[in-house]
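One letter stands for each residue in the lines below.
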Amino acid sequence: MAFLLVKVLSRPDGRFSSQHIHDSKAMKERGIRCVMDQDREMRHKSRFAVDERSKN
């Protein structure tokens, strides 16, 4: 806890950078996206995220 406190106090604004995949420049360059964003896109395109018709 002490090391975390020192790190927070040493930051100018007391905040950490975002650790989300969609905020990472390196991940964007590699074409890697957040699974939540991918799921939202798939649900928007169709009624189901997974093609239910192929389960027959």
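Residues numbered from 1 in each chain as written. Predicted model: local features only at pLDDT ≥ 70, side-chain atom pairs only at ≥ 80, totals over all residues. Heavy atoms only, no water.

### Quick look at the overall build of the chain
Working step 1: Tallying secondary structure elements over the chain gives three helices and zero strands in all.
Working step 2: Traced from its N-terminal end to its C-terminal end, the chain shows the element sequence α-α-α.
Working step 3: Evaluated residue by residue, the chain yields a buried proportion of 2% over its 56 residues.
Working step 4: Counting only carbon and sulfur atoms, one obtains 57% of the accessible surface of the chain, whose full area is about 5700 Å². (Helix = DSSP H or I, 4+ residues; strand = E, 2+ residues; numbered from the N terminus. Buried < 20%, exposed > 50% of the residue type's maximum accessible area, 1.4 Å probe, protein only. Areas by Shrake-Rupley, 256 points an atom, 1.4 Å probe, with all protein chains shown as cover.)

### A closer look at the confidence of the model for the chain
Working step 1: Residues at a pLDDT of 70 or more form 80% of the chain, whose mean pLDDT is 77.
Working step 2: Taken element by element, the predicted model of the chain shows its lowest mean pLDDT in helix α1 (residues 2-10) (80) and its highest in helix α2 (residues 25-30) (88). (pLDDT = per-residue confidence, 0-100.)

### Concerning the pattern of salt bridges
Working step 1: Following the criterion strictly, the structure yields three salt bridges and no others.
Working step 2: Here Arg33 makes a salt bridge to Glu41, at a shortest N to O gap of 3.2 Å.
Working step 3: Residue classification places Arg33 among the partly exposed residues on the basis of a relative accessible area of 39%.
Working step 4: The residue Arg43 makes a salt bridge to Asp39 at a minimum N-O spacing of 2.9 Å. (Salt bridge = Lys/Arg side-chain N within 4 Å of Asp/Glu carboxyl O.)

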